[in-house]
Amino acid sequence: MFNDIGALELVTIVVLAILIFGPEKLPKVIQDVSGVIRKIRAFSDSAKQDIRSELGPEFKDFEFEDLNPKTFIRKQLTENEDLKEIRSSFDLRKELNDVTDAVNSKEADPVPGDAPAAGAAPAAGGPDLVKRAAPPAPEQRAPFDADAT
């Protein structure tokens, strides 16, 4: 509950409590506060039990912590059998290595002794990125509608 309170904050709270309530009344205040916290916990536990009994036997393993979206998503991702199967069949390193090999083999296709001339045709299977493509014939052009723009 108080996981994010550091030592300095705790000391500050204790000093303020001593200054506000005084050393004589502080034990009684602490006792009253702890009693209230116990009553709140007992009330929430009984409310949880009442809700579980009203939901019926199909919700006997229902946890209220599952209503937190982070917990719900984490539970669904870790307990879903289909996702576990997908994760086990997918190897990201292997996929990356395959892509890297494919890219490196494309660059390794030309023979080192045969350097292509500046105006030579592009390598087989790849477009020539230096030359501009010829404009398409009028019958191949997509229709243009000036009113649509």
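Undergrad: In this structure, what is going on with helix H1 (residues 7–55)? I would like to understand it.
TA: Every α-helix winds through 3.6 residues per turn, so residues three or four apart in the chain are directed the same way. Between the first and last C-alpha of H1 there are merely 43 Å, a value that for 49 residues lags more than 12% behind the 72 Å anticipated at 1.5 Å per step. Among the residues making up H1, those that are buried are Ala-17, Gly-22, Leu-26, Gly-35 and Arg-52. Remark: Gly-56 follows H1 within two positions and exhibits a positive phi of approximately 105°.

Undergrad: Sorry if this is basic, but what is going on with the side chain of Arg-52 here?
TA: Topologically, Arg-52 is positioned in helix H1. Arg-52 has contacts with Lys-60, Phe-62, Glu-63 and Phe-64, leaving out every residue within four places of it along the chain.

Undergrad: Teacher, can you tell me more about a nonpolar patch on the surface here?
TA: A cluster of nonpolar side chains, contributed by Val-11, Val-15, Leu-16, Leu-19, Ile-20 and Phe-21, occupies part of the molecular surface with about 600 Å² of accessible area. In this fold, Leu-19 is placed in helix H1. By relative accessible area, Leu-19 is classed as exposed at 66%.

Undergrad: When you look at the pattern of salt bridges in this model, what are you seeing that I'm missing?
TA: Once the charged atoms of two side chains with opposite charge are near each other, the side chains can pair. This structure, assessed with the given rule, holds 2 salt bridges. Its salt-bridge partner being Asp-32, residue Lys-28 comes within 3.2 Å of it at the nearest N-O pair. Here Asp-32 and Lys-28 lie together in helix H1, a separation of 4 residues that amounts to about one turn. Across the pair Lys-94 and Asp-98 runs a salt bridge whose closest N-O atoms are separated by 3.4 Å. You can see Lys-94 and its partner Asp-98 sitting in helix H4 (residues 92–108), 4 residues apart, about one turn around the helix.

Cut-offs applied
- Residues numbered from 1 in each chain as written.
- Predicted model: local features only at pLDDT ≥ 70, side-chain atom pairs only at ≥ 80, totals over all residues.
- Heavy atoms only, no water.
- Helix = DSSP H or I, 4+ residues; strand = E, 2+ residues; numbered from the N terminus.
- Expected span 1.5 Å × (residues − 1).
- Buried < 20%, exposed > 50% of the residue type's maximum accessible area, 1.4 Å probe, protein only.
- Contact = heavy atoms within 4.5 Å.
- Patch = residues over 30% accessible without salt bridge, like charges linked within 9 Å, V, L, I, M, F, W, Y side chains within 5 Å.
- Areas by Shrake-Rupley, 256 points an atom, 1.4 Å probe, with all protein chains shown as cover.
- Salt bridge = Lys/Arg side-chain N within 4 Å of Asp/Glu carboxyl O.

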